[in-house]
Amino acid sequence: MSLMIRQSLQIKRKITVASKPGVGFKPAFFCIASWKLTPLVFRSVLIVLLTLSGVSQADVSVDDITPALRKHCLKCHGPDTAEAQLRIDRLTPDLSDRDNALAWIEIRNAINLGEMPPDGEPQLPAEIIRHTSHWVTQQLRTVERSQLGAGDQVLLRRLNRHEYTNTVADLLLMKFPTGESPLDTLPPDGTAEGFDKVSAALLLDPSLMSQYYRVARRIADRAIVDGPPAFPTERMRLEFEDIADSHAIGYLVRRLGMKTVPGGLQLVEGGTRSFGMLRYPGRRDQNVAPVNGFYRFTIRAGGAIGENGETPVIRLSQNHPDDSMRTIMDVSVTAEWDDPKEYSVTIARNSLGGELSIRILNEVSLYMGQRPGENFRRRNTEAGQQGDFTQTLRLAGRQVAEGWGGDRSTPDPEKLDVTRYPRVFLDYLEVEGPLYDHWPPQSHTMLLFRGDAKAADEPAYAREIFTRFLPRAWRRPVSDAEIEPILQVVQTELNSGETFHEAIRTGLTAALTSPKFLYLAENSAGSESATRTLNDYEIASRLSYFLWNSMPDDALFRAAANGELRDSGILEAHVDRMLADPKADRLVDGFARQWLRTDSFLDFTPDTNLYRDYDAKLADAVVREPLEFFRTILQNDLSVLNFIDSDFVVVNDRLARHYGLDGVDGPEFRNVALPADSRRGGLLAMAGVHQAGSDGIRTKPVSRAVYVREVLFNNPPDPPPPNVGEVEPNINGQRLTVRERLLQHQQVAACASCHRALDPFGLALENFNVIGTWRDRQDGENFRGDHRPVIDAGGRLPNGREFHNFDEFRQLLLEQSDRFRRCLAEKMLLYALGRPVSPGDDQVLTQAVADMKAGDDTLRALIKSLVSSRAFISR
Amino acid sequence: MNIQKLRQLDRRTVLRGAGTCLALPWLEAMLPQGLAATAAPEVVPRMGMFYFGTGMNMRQFFPDGFGPDAAMSRILQPLEKHRGRFTVLSGTWLNHGGGHDGAYPFATSIARGEKQTVSPDQLAAELHGRQTRFPSLQFSVKRGTGFGSQALATISWNRQGVPLAAENDPQTIFNRLFRPVSSDQQARQNAEFRQRGSVLDAVLADAKQLQNRLGQTDRRQLDQYFNSVREVERTLHREIDWADRPKPAPDLRGYGDYEHAVAPEGNGKFVYDTYAKLMYDLIALAFQTDSTRIISYVVRTELAGGVYPEFGVSRGYHELTHHGNDPGNLEELAKVDTIYMRHWSYFLDRLASIRDGEGSLLDHTMLGFSSGMGIGHSKDTLPTILSGGSRLGIRHQTHLQLQDNTPLSSVWQTMIEKMGVRVAGSFQDSPGVIGELAG
């Protein structure tokens, strides 16, 4: 009896606290929330409740559970006693009612944890516990979804910062050097359901508002200029034969790795700098860039292949306080030694940089690790510090005379003939910049389309300028009345004695700070409940922000003006046209990055003591791989089923080495066919996914399982009961595999049903270790030596199908390809419309799945299906 | 309201004969300047709220015993010299959160995913903000708001429940607070004020036009725009109001180099130890110069970062918090926590060294810090400490045992009531101020 009271009190307290206003349900414990996903819905968890299949999810209704709850609970939680102020008989199935929902949550949690019914009372059948848990969770998710949007209505929303930046670039024909882009200035956007496209997450606060103003002002300053550029484009050239005359190079050419040759410099090891011989005219520092902008760097070089067949690779870099700004380009010098060619790159630089240098990257080791050379250097330094320069000269002389080289150690006598190694002939290095595609910039001539104004003409000219500009900026026809506020701004400036340019700049700032620019607004007055077909301009914007993450182009505007966009045939023709445009690449960063959650891949850093192969290049490559894979599929109209299994991978040299693939040279990603016996292929064999589903020292199969279910099937598991722990890591002496520990966990009745349906999706990937290397035996954590347990990646899917290894698992997933198609369609519909998917979308999604199957499963087929749906052109 | 027309009047003339015009809001905003010019400087209260994401090693956090003489734990050892100036609070918890969701309910008691409400610092800012150049400041190790993700970058929320973006670059903050307006800027300033006012007028007109085309639901979204524009207008008025007064020029001897300060992102030269001191010193300087009285600071976000190379530990903070009872991990966790507390002690040193009225700046400043989780990702056993404010009536007692599961909001309520905010009815889920501290 006392136990009952205690538990009742506990419930009472919880409910009392929980019924305060503004309080809602959140599962109290997310064990491993490494997937930064779906922030406003339930996130990944290690211990997750999930109903075992057998009862399909839709089958459970409130009528299945209430009779049992009444039978077991009404005595204490009914009209007579109402312990914990809870009355079962007063509950309704409507979980959008907050207090009602909180009571249901409390019930679910209490019965899940076995707190209720109390000991000594008849217990609920396991099936009822499961059904209740599932029903409550489903209802909550539905309610949460509908709160995110207003049913299936597309809401007014502001542009996210990617859309903002792209729109400005397209609107004003601008490109931004690093640090000058709005993307660098505007803060990161919120996300809902994993995407930065949903109104509920795209809030606007005063600080963002002031940022919008400041950013718009800076854009206006770039858009309209006064007079010639402050820094005209200059061409600066360094002839490497001139370097030989420089005093500075003396110590370098004493080394084996570098030698002056007729017309230039030979490089075998190490590198050369620009030695102050390359700078923007008039600058006192070593920098070629007087201002933030774009610069073209050109190296004329030839190369000789080494005995080992290696092509020489050189790197041009700049001294810079920001690490990410150092490398300018890497060049495989394929031109012949006696027939040098120019290698060029155009790249953003800013005024913080310093001297340039060129280094050869091939490893040669011309020097042996010996002491004497180093001793010379040390003694030389000491003598110098004591001011004994006679001694320093003497030592330097002896060092050369005795052949200790200019470097830290002794030349390897075996390697004195450097012609055996890959080497490079450097002719010259040239820098041109800052580059201006046009001066005045295109934005300037586009806005001031008639050139400069005559004084008397200014107000009329300003009106013409904004009459032309505003419809593009606001993406629709603009009435005269709407132009007035902007012209008012211009007039105020003119009245205050500002120049015409400055007045137009201020007007431009207003146009870009206006809600008509910042928001994607569709007419919604008066039609709250009734759906209506969008007008052509609204459709044009939906289409362009979907495929390009930016404003419509002229062709779309023309089609809108001609009233063509409600014709699904014409719409699909635009889809083809737009996908062929380089701007379609923005789907990769906009959609794929968020769908595949690559931003979360590096949340946990692998322990470098356990995983010595892991390095920065690999980290970079594993994040890019899924995105490059998506790009390949998009650009080549390949089947999306390749995400489940593929006979190719898209990798660079580092990743190819990681996957044991030969013959991949160079840092660029490319399509590589897999040998028949390869374990790679498909998303789930990508190392980034494995790393994301690990905590640095061990794999986390449940996290991986959640990833599989959410990313491939959009089927998030139910949240765990509150206060469950995570799977305990091995402590001293224990050598249980993660699988064994999970199985232990499955012994707990409350956890069992869910985990049996969830864990297999992650355990199937157990052959991939923390950094995605294939392993047959357990590694990481406390596992070393010969007697490590063999990995068992087998299991049974909730549909009863068994698999024994990763490959069979992948084949079983392929059998569920319709579920995958639907998942992808759901994610893309959300991305396209900027609202959560609702039950009303069922038909659109079913059609999309059918269209994909009929259309070779390409992304193009999916996109066309969605675009030609009723949902896409109506609201 | 048309700033243009008002600007065409000589603002000083208006001010001199202001008696009849005070109903105009922008003049109202100017009033404190007039008052401040005549009133004698007085001692004012300040407050700061601090978030240490991802919890701490709570097994080595709490002092041994309770009351003024409780013995410092390993992690709190660096605070020993400040005994009597702080109180460790045992028993605090968050009603919501748990896992990495704790940053959301931290200041407001409202769970992640729910509509947020105004945070306590902003309530205090409503009261004190008009007397300072900045009503409040938001600092963070991460820029922006981070809204939507678990790694929230701010703990301040306005009346609309919108998160207020935080700044993480010491140089930017320093310039905003102290960099004198150059003569060049001064010359442009009036034009800049005029342009900004004029643009705000125009976009407000645009917003009203747009509103007419929208239904109820969309209008509610657009309300954020209206609110933001109005807030930016208020800021503009404040700037106009403060424009004639030079920014304070504090004595910077003994402070770090703000000219070359490095922000946490994207630069190999970042050293956390330097950064932490620069940021804490900025708070001290901002309080000292009465540039603001209210600051919130996310010292460490959830999930990401928290450990830097110079800490000399083997793994990231988040990796370490998944300690799995491994003594090695717990040891390193405690080591990192101790480093953070050493910085905290540095901060208290600084505040205690600055004279303010009859006491020190620390005596007139309340600093509340805690986390969204304790240890093992639970939302109870939070690392909560209230520091400073002795002359504001805080009675420190080194280690105080609160009732189990005392909501964190009671700490905030204690602080804002001492700031002079009157709490009508209940405050969040707080059972009231903490009597043992508030006296």
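None of the values given here were measured: they were computed from a predicted structure. (Residues numbered from 1 in each chain as written. Chains lettered and ligands numbered in written order. Predicted model: local features only at pLDDT ≥ 70, side-chain atom pairs only at ≥ 80, totals over all residues.)

Here we come to the overall build of chain A. A count of helices and strands for chain A gives 30 helices and 18 strands. Within chain A, the fraction of its 875 residues that count as buried is 48%. (Helix = DSSP H or I, 4+ residues; strand = E, 2+ residues; numbered from the N terminus. Buried ≥ 20, exposed ≤ 12 C-beta atoms within 10 Å, placed from the backbone.)

For the rest of this paragraph, the subject is the overall build of chain B. When helices and strands are counted, chain B shows 13 helices and 9 strands. When contacts within chain B are restricted to residue pairs at least 6 apart in sequence, those whose partners lie at least 24 apart make up 70%. (Contact = placed C-beta atoms within 7 Å.)

Turning to the sheet that holds strand S2 (residues 86-93) of chain B, a few remarks are in order. All names here are of chain B. Ordered in space as S3-S4-S1-S7-S8-S2-S9, the 7 strands form an open sheet in which the pairing is mixed. Lying at the two open borders of the sheet, with one neighbouring strand each, are strand S3 (137-140) and strand S9 (398-407). Here the strands of the sheet are splayed against their neighbours by 15 degrees on average, with no regard to which way each runs. Pairing of S2 with strand S8 (residues 384-387) involves 4 bridges; the strand directions are antiparallel. Paired with Leu89 across the bridge in S8 is Thr384. (Pairing = 2+ DSSP bridges. Axes fitted to C-alpha atoms, helices over the stretch in contact; angles between N-to-C directions.)

Residues and elements named next belong to chain B. Structurally, the position occupied by Gly368 is in strand S7 (residues 365-370). For the pair Gly368 and Leu333, spaced 35 residues apart in sequence, the C-alpha separation works out to 22 Å. Ignoring any residue separated from it by four or fewer positions in sequence, one finds Gly368 in contact with Met49, Phe50, Leu386, Val411, Trp412 and Met415.

One broad rule of soluble globular proteins: the nonpolar side chains tend to lie buried together. Formed by 261 residues in total, the largest nonpolar core has its most connected members in Ile486(A), Ile504(A), Ala511(A), Met828(A), Leu829(A), Leu862(A) and Leu866(A). When residues in this core are grouped by element, the largest group, 11 residues, is from helix H9 (residues 272-288) of chain B. Those residues in contact with Ala511(A), other than ones at most four positions away along the chain, are Phe469(A), Leu470(A), Ala473(A), Ile486(A) and Phe517(A). Of all hydrophobic cores here, the second largest spans 32 residues; its members include Phe240(A), Val288(A), Leu426(A) and Leu429(A). (Core = buried A, V, L, I, M, F, W, Y, C linked by C-beta atoms within 7 Å.)

This part is about the sheet that holds strand S7 (residues 313-318) of chain A. Residue and element names in this part refer to chain A. Spatial ordering of the open sheet is given by S5-S10-S7-S8, a layout of 4 strands whose pairing is antiparallel. In the strand order of this sheet, the two ends are held by strand S5 (271-273) and strand S8 (327-332), each with one partner. Shown here is a sheet whose adjacent strand axes are inclined to one another by a mean of 15 degrees, direction ignored. Both S7 and strand S10 (residues 356-360) contribute to a ladder of 5 bridges, which runs antiparallel. For Ser317, the partnering residue across the bridge sits in S10 and is Ser357.

All names here are of chain A. Between its first and last C-alpha atoms helix H17 (residues 536-547) spans 17 Å; for 12 residues at 1.5 Å apiece the expected length is 16 Å, and the two agree. Burial analysis of H17 places 12 of its 12 residues in the buried class, which makes it a mostly covered element. When we look at burial in H17, the residues that qualify are Asp536, Tyr537, Glu538, Ile539, Ala540, Ser541, Arg542, Leu543, Ser544, Tyr545, Phe546 and Leu547. Two residues or fewer past H17, Asn549 is found with a positive phi of approximately 55 degrees. (Expected span 1.5 Å × (residues − 1).)

What follows is about the environment of Arg741(A). Residues and elements named next belong to chain A. Looking at the secondary structure, you find Arg741 in helix H25 (residues 738-746). Judged by the 18 C-beta atoms lying within 10 Å of it, Arg741 falls in the partly exposed class. Expressed as a C-alpha distance, the spacing of Arg741 and Arg654, which sit 87 residues apart in the sequence, is 34 Å.

Here we come to the interface of chain B and chain A. Quoted interface sizes are often the accessible area lost when the parts come together. Counting residues at the interface gives 71 residues for chain B and 69 residues for chain A. Secondary-structure elements contributing two or more residues to the side of chain B that touches chain A are helix H7 (183-211), helix H8 (216-243) and helix H10 (317-321) of chain B. Of the residues assigned to the side of chain B that touches chain A, the class counts are 19 nonpolar, 35 polar and 17 charged. (Nonpolar A, V, L, I, M, F, W, Y, C, P; charged D, E, K, R; others polar.)

Residues and elements named next belong to chain A. Where helix H13 (residues 458-473) contacts helix H15 (residues 500-513), the two axes come as close as 11 Å, and the packing angle between them is 30 degrees. By the angle between their axes, H13 is roughly parallel relative to H15. Here the hand of the crossing between H13 and H15 comes out right-handed. Contacts between H13 and H15 pair Glu458, Ala462, Ile465, Phe466, Phe469, Leu470 and Ala473 from the former with Phe500, Ala503, Ile504, Gly507 and Ala511 from the latter. The residue inventory of the contact of H13 with H15, partitioned by class, reads 10 nonpolar, 1 polar and 1 charged. (Parallel < 35°, antiparallel > 145°, perpendicular 65-115°, else oblique. Left-handed = near helix turned anticlockwise from the far one by under 90°.)

Turning next to unusual backbone geometry. Residues other than glycine predominantly adopt negative phi, and peptide bonds predominantly adopt the trans conformation. Between Gly433(A) and the following residue, Pro434(A), the backbone shows a cis peptide bond with an omega angle of -10 degrees. Checked against the element boundaries, Pro434(A) lands in strand S13 (residues 423-435). With phi around 60 degrees, Thr398(B) is a residue other than glycine that occupies positive phi space. Take Thr398(B): it is sitting in strand S9.

With that out of the way, let us pick up the pairing of S7(A). Residue and element names in this part refer to chain A. Because side chains alternate across S7, one face comprises the buried residues Ile314, Leu316 and Gln318, and the other comprises Val313, Arg315 and Ser317, none of which is buried. As defined by bridge partners, S7 adjoins S8 across 5 bridges and the pair is classed as antiparallel. Bridging from a neighbouring strand, Ile314 pairs with Val331 of S8.

So, about helix H24 (residues 701-713) of chain A. Residue and element names in this part refer to chain A. Across its 13 residues, H24 extends 17 Å between first and last C-alpha, which sits within 8% of the 18 Å expected from 1.5 Å per residue. Across the 13 residues that make up H24, a large majority, 12, are buried. Looking at H24, one finds that the buried residues are Pro701, Val702, Ser703, Arg704, Ala705, Val706, Tyr707, Val708, Arg709, Glu710, Val711 and Leu712. One or two steps after H24, the chain reaches Asn714, where phi turns positive at roughly 45 degrees.

Residue and element names in this part refer to chain B. Confidence in the prediction for chain B averages 86 pLDDT; 89% of positions are at 70 or higher. Every residue in residues 1-40 is under pLDDT 50, and counting partners more than four places away or in other chains gives 28 contacts. In the predicted assembly, ipTM is 0.75 and pTM is 0.75. (pLDDT = per-residue confidence, 0-100.)

Now for the packing of helix H5 (residues 120-128) of chain B against helix H12 (residues 409-418) of chain B. Residues and elements named next belong to chain B. For the pair H5 and H12, interaxial distance at closest approach is 10 Å and the crossing angle is 10 degrees. By the angle class used here, H5 and H12 are roughly parallel. Contacts between H5 and H12 pair Pro120, Leu123 and Ala124 from the former with Trp412, Met415 and Ile416 from the latter. Here the contact of H5 with H12 is composed, by residue class, of 6 nonpolar, no polar and no charged.

All names here are of chain A. Residues with a pLDDT of 70 or more make up 84% of chain A, whose mean pLDDT is 83. Of all secondary-structure elements in chain A, the lowest mean pLDDT belongs to helix H1 (residues 2-18), at 33, while helix H16 (residues 515-518) reaches the highest, 98. Confidence over residues 1-57 falls short of pLDDT 50; this stretch has 169 contacts with residues more than four positions distant or in other chains.

Turning our eyes to something else, we now look at the environment of Glu193(A). Residue and element names in this part refer to chain A. Within the secondary structure, Glu193 is located in the loop between helix H6 (182-185) and helix H7 (206-223). What makes Glu193 buried here is the crowd of 27 C-beta atoms within 10 Å. Residues Glu193 and Ala619 lie 426 residues apart in sequence; the distance between their C-alpha atoms is 26 Å.

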